[in-house]
Each structure stands twice: as C-alpha cells, then as structure tokens.
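Here is what each chain is made of, one letter per residue.
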There are 2 protein chains.
Amino acid sequence: MTESASPSADQLFSARVSIEQVEEGTELAPKFDDKGFIPCVTTDHASGELLMVAVMNREALEKTIATGEAHYYSRSRQCLWHKGATSGLVQKVVEMRIDDDQDCVWLRVEVAGGASCHVGYRSCFYRKVPVGDQRAAGTALEFLETEKAFDPKAVYGDAPNPTQL
Amino acid sequence: MTESASPSADQLFSARVSIEQVEEGTELAPKFDDKGFIPCVTTDHASGELLMVAVMNREALEKTIATGEAHYYSRSRQCLWHKGATSGLVQKVVEMRIDDDQDCVWLRVEVAGGASCHVGYRSCFYRKVPVGDQRAAGTALEFLETEKAFDPKAVYGDAPNPTQL
C-alpha cells in the first residue's frame with residue numbers, strides 16, 4: 001500500500017468550531033493537549049474490567065481507527081506503540097467511543113492472550129485501595145489477581161521496565 | 001470534627017522507593033504529575049460503563065479515600081470538586097483500584113440519579129466512533145444514548161459550560 005492510500009488525519013478529524021458541534025454533533029473533532037496527546041481508557045469488552053490507561057497522538061488515533069487494532073503513543077519510548085507488537089497480546093477494538101468534549105477516547109477491546117499489563121497481570125489495576133468504611137479492615141492495598149497471566153521476563157526479556165519512580 | 005482528626009496525606013501515602021515496592025507491594029504510593037495531578041477513571045460498578053475521566057490532586061484522593069465519595073480536582077474551576085455537590089449526583093465508591101506503577105486511579109461507583117455527564121447523558125461517552133471494518137457503514141459518530149437522563153439547564157442553570165474548544 002502506498003503512503004497516499006492511507007487515510008490522512010485531515011480526512012478523519014474535523015476542526016473544532018463550536019461547543020454544540022463538539023458535544024452534540026456527529027463529527028469526530030478530537031482535542032489533543034499541548035503535548036499533542038489525547039488520553040485513552042481501555043476496557044475488556046466482555047468483563048468491563050479496566051485494562052489500561054494510555055495516550056494517543058494523532059497518528060495513533062488515526063491508525064487505531066483505520067486498522068481496528070489499538071495503537072498508542074509510548075511516552076517512555078517516544079514512539080508510536082502498536083500494542084502487542086512485542087508481546088503478541090494485540091488489542092482488537094470491538095467499540096471505540098469519544099466523550100462529550102472529545103478530549104478522551106474509550107476503547108472496548110478483545111485481548112489476544114487475555115493480558116494487558118507489563119507486570120504480567122490481566123489488568124494493570126490488580127490492586128484494591130480500601131476506602132471509607134472498608135478501611136476498618138486495614139489500609140494496605142489488596143491484590144485482586146493472585147496469579148500472573150504470563151511471565152514478563154519470558155515475554156519482554158531484558159527490555160527496560162517502563163515504570164518510573 | 002477538628003482539622004487534626006482528618007487523616008493527613010502523609011499518613012495515607014507512602015514515599016516511592018523502588019519499582020518492586022510500587023508494582024508488587026501493598027503500600028499506597030501514588031505518583032502525582034508535575035502539576036500535582038493523578039488521572040482517575042470512573043466506571044459504573046454494575047454495568048462496567050465508563051462514566052468519566054478526571055484528575056485528582058492529593059486532597060481529592062485523600063478525601064475520596066476518607067469519605068468513600070468521589071472527589072476530583074476541577075481544572076476549569078481550579079478547586080476541589082466533590083462530584084454531585086451541585087447536581088446531587090454523588091458518586092459512592094464501591095471499589096477503588098490503583099494501577100501497576102500507581103499513576104492512575106480507577107473508581108467503580110454507584111451514582112445517585114444514574115447520570116454523570118454535564119451534557120445530561122448517563123455517561124460522558126455517549127457516542128461511538130466507527131473503526132476498521134465498521135467504517136464501511138459511514139464514519140459519522142453514532143449516538144448510543146438517545147435520551148438525556150436529566151436536563152442540564154434545570155440542574156446547572158446558567159453555570160458556564162466546562163467544555164473548552
């Protein structure tokens with residue numbers, strides 16, 4: 001496929017001209033922040049579980065729409081990130097939604113292999129924080145997943161851990 | 001209640017000392033960005049539907065944990081935001097989770113009144129973006145909610161719309 005055969009961002013995205021257009025209209029007019037990013041929330045389409053939260057730049061949003069597979073922008077590696085390209089755990093987009101002011105994307109995905117977290121868990125959100133009355137039983141984080149879905153060393157090898165302190 | 005009877009941020013939050021502690025430990029050691037914010041994803045605890053994405057500062061996270069009701073930081077109004085204080089649509093936290101590197105919070109909530117979006121819809125994410133093969137049927141956004149859950153003018157009156165172009 002030649003470069004010109006891909007849809008361009010100009011074709012996919014409309015300019016933002018009014019609050020009514022953005023909130024009540026049918027044009028995709030996403031807002032990218034001052035760094036060129038739009039946040040993206042990704043959930044499991046079947047369980048509703050929150051898998052991950054990341055950002056997209058224009059190219060990532062364009063490629064996700066064009067291919068139906070989740071693409072993000074990796075801030076640690078500073079490049080387009082086709083999720084699953086390394087691990088094989090590609091996210092197939094069952095449904096994409098955009099919010100009222102079009103500054104946030106929601107992907108409902110089907111994950112090959114069932115795991116999305118670089119630590120090896122199914123979801124990045126594998127620990128519970130006790131709140132309100134729950135705190136009577138203690139304030140320590142509670143693990144909701146007790147077994148990893150895959151071995152991160154076997155999948156990622158010696159690649160640097162993206163977590164930053 | 002005196003000010004000193006409230007739990008302080010120092011008591012609730014641990015310092016971030018190692019990747020192992022942050023990813024595999026049971027201490028709450030949240031990471032706030034350079035503006036002092038941590039993003040928060042809020043879903044309906046029963047349906048799994050994504051309701052909204054916002055940010056918390058230290059005080060908002062502290063108050064959410066202490067009270068079991070969702071508090072955010074309003075970037076448009078630049079103040080602590082007890083969700084529902086104006087509209088009555090308080091979000092009761094059924095479960096709070098934190099992600100692997102502890103730079104994102106997930107709230108599973110029960111919403112009084114059933115709506116969370118300032119435009120009047122149940123969810124802020126009331127429109128679908130066609131992706132991949134779905135685009136053969138057209139590229140326009142598709143409304144997934146056809147009726148508003150409440151009348152924003154009746155609830156918010158003449159308060160300024162928070163959406164920015």
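Definitions and limits used
- Residues numbered from 1 in each chain as written.
- Chains lettered and ligands numbered in written order.
- Predicted model: local features only at pLDDT ≥ 70, side-chain atom pairs only at ≥ 80, totals over all residues.
- Heavy atoms only, no water.
- Helix = DSSP H or I, 4+ residues; strand = E, 2+ residues; numbered from the N terminus.
- Contact = heavy atoms within 4.5 Å.
- Areas by Shrake-Rupley, 256 points an atom, 1.4 Å probe, with all protein chains shown as cover.
- Lys, Arg positive; Asp, Glu negative; His and termini not counted.
- Charge placed at Lys NZ, Arg CZ, Asp CG, Glu CD.
- Patch = residues over 30% accessible without salt bridge, like charges linked within 9 Å, V, L, I, M, F, W, Y side chains within 5 Å.
- Salt bridge = Lys/Arg side-chain N within 4 Å of Asp/Glu carboxyl O.
- Core = buried A, V, L, I, M, F, W, Y, C linked by side-chain atoms within 4.5 Å.
- Buried < 20%, exposed > 50% of the residue type's maximum accessible area, 1.4 Å probe, protein only.
- Buried area = accessible area lost by both parts, 1.4 Å probe.
- Phe/Tyr/Trp six-rings, centres within 6.5 Å; stacked < 30°, edge-to-face > 60°.
- Least-squares fit on C-alpha atoms with pLDDT ≥ 70 in both.
- Pairing = 2+ DSSP bridges.
- Disulfide = S-S within 2.5 Å.

S.K.: Mind laying out the overall build of chain A, listing which residues take part and the relevant values?
M.R.: Tallying secondary structure elements over chain A gives four helices and eight strands in all. Secondary structure of chain A in N-to-C order comes out as α-α-β-β-α-β-β-β-β-β-β-α. For chain A, long-range pairs separated by at least 24 residues make up 45% of all intrachain contacts whose partners lie at least 6 apart in sequence. Within the structure as shown, chain A displays about 8000 Å² of accessible surface, and the carbon and sulfur contribution to it stands at 47%. Mean positive and mean negative side-chain charge positions of chain A (17 and 25 charges, respectively) differ by 7 Å.

S.K.: Explain a positive patch on the surface to me, using residue names and the numbers behind them.
M.R.: Taken together, the side chains of Lys35(A), Arg75(A), Lys35(B) and Arg75(B) make up a positively charged region of the molecular surface. Looking at the element boundaries, Arg75(B) is found in the loop between β3 (71-74) and β4 (79-82).

S.K.: So, the nonpolar core: which residues are in play, and what are the values?
M.R.: Nonpolar side chains in soluble globular proteins tend to end up buried together. Ile65(A), Met96(A), Leu107(A), Ile65(B), Met96(B) and Leu107(B) are the most contacted members of the largest nonpolar core, which has 74 residues in total. Beyond its immediate stretch of four places on either side in the chain, Leu107(B) contacts Cys40(B), Val41(B), Thr42(B), Thr43(B), Met56(B), Thr64(B), Ala70(B), Tyr72(B), Val93(B), Glu95(B) and Met96(B).

S.K.: Tell me about the side chain of Glu23(A), and please be specific about residues and values.
M.R.: The topology assignment puts Glu23(A) in helix α2 (residues 19-24). With relative accessibility at 5%, the residue Glu23(A) sits in the buried group. Those residues within four positions of Glu23(A) in sequence are excluded, and the remaining contacts are Asp100(A), His118(B), Val119(B), Tyr126(B), Arg127(B), Asn161(B) and Thr163(B).

S.K.: Can you break down the interface of chain A and chain B residue by residue, with the values?
M.R.: The interface is formed by 61 residues belonging to chain A together with 61 residues belonging to chain B. Taking both partners together, chain A and chain B bury about 5200 Å²; carbon and sulfur atoms supply 58% of that area. For chain A, the biggest contributors to the area lost against chain B are Phe125(A), Arg127(A) and Leu165(A); these three give 13% of the whole. Counting across the chain A and chain B interface gives two salt bridges.

S.K.: Which residues make up the packing of aromatic side chains, and what values go with them?
M.R.: Tallying each qualifying case throughout the model produces 14 aromatic pairs over all chains. Three or more aromatic residues joined by ring pairs make a cluster, and in this case those are Tyr121(A), Tyr126(A) and Phe143(A).

S.K.: Describe in detail the relation of the copies chain A and chain B, supporting the description with residues and values.
M.R.: Overlaying chain A with chain B gives an RMSD of 0.0 Å, the required rotation being 180° about an axis along which the chain moves by 0.0 Å. Classification of the inter-copy transformation places it as that of a two-fold axis. Among all residues of chain A, the minimum C-alpha distance to the rotation axis is found for Gly48(A), at 2.4 Å. Same-surface contact between copies: 100% of interface residues of chain A are shared with the interface of chain B.

S.K.: Give me the lowdown on the pattern of salt bridges, citing residues and values where you can.
M.R.: Residue and element names in this part refer to chain A. According to the stated counting rule, one finds nine salt bridges over all chains in the structure shown. Between Glu 49 and Arg 122 there is a salt bridge, and its shortest N-O distance comes to 3.0 Å. Of the two residues, Glu 49 sits in the loop between β1 (38-44) and β2 (50-56) while Arg 122 sits in the loop between β6 (105-111) and β7 (127-129), which places them 73 residues apart along the sequence. Residue classification places Glu 49 among the buried residues on the basis of a relative accessible area of 9%. Arg 122 sits in the partly exposed class, given a relative accessible area of 38%.

S.K.: Outline the pairing of β3(B), listing residues and values.
M.R.: Residue and element names in this part refer to chain B. Here β3 shows two buried faces, one formed by His 71 and Tyr 73 and the other by Tyr 72 and Ser 74. Note that β3 and β4 share four bridges and pair antiparallel. Paired with Ser 74 across the bridge in β4 is Cys 79. Counted along the chain from β3 to the antiparallel partner β4, the turn is four residues long, and its residue Gln 78 has a positive phi close to 55°.

S.K.: Mind laying out unusual backbone geometry, listing which residues take part and the relevant values?
M.R.: Residues and elements named next belong to chain A. In this structure, Gln 78 takes a positive phi of about 55° despite not being glycine. In this fold, Gln 78 is placed in the loop between β3 (71-74) and β4 (79-82). Given a relative accessible area of 61%, Gln 78 falls into the exposed group.

S.K.: Go over helix α3 (residues 58-67) of chain B with me, naming the residues and quoting the values.
M.R.: Every buried residue of α3(B) is accounted for by Ala60(B), Leu61(B), Glu62(B), Thr64(B) and Ile65(B). Just downstream of α3(B), Gly68(B) is the residue with a positive phi angle, here 75°.

S.K.: Describe the environment of Lys128(B), and please don't skip the residues or the numbers.
M.R.: Along the chain, Lys128(B) turns up in strand β7 (residues 127-129). For the pair Lys128(B) and Leu144(B), spaced 16 residues apart in sequence, the C-alpha to C-alpha distance is 6.7 Å. Once residues within four sequence positions are removed from consideration, Lys128(B) is found in contact with Glu95(A), Met96(A), Arg97(A), Gln134(B), Ala140(B), Leu141(B), Glu142(B) and Leu144(B).

S.K.: If you had to explain the state of the cysteines to someone new, which residues and values would you point to?
M.R.: In this structure the tally under the stated criterion is zero disulfides over all chains. Unpaired in terms of disulfides, Cys104(A) finds its nearest cysteine sulfur in Cys40(A), a separation of 7.3 Å.

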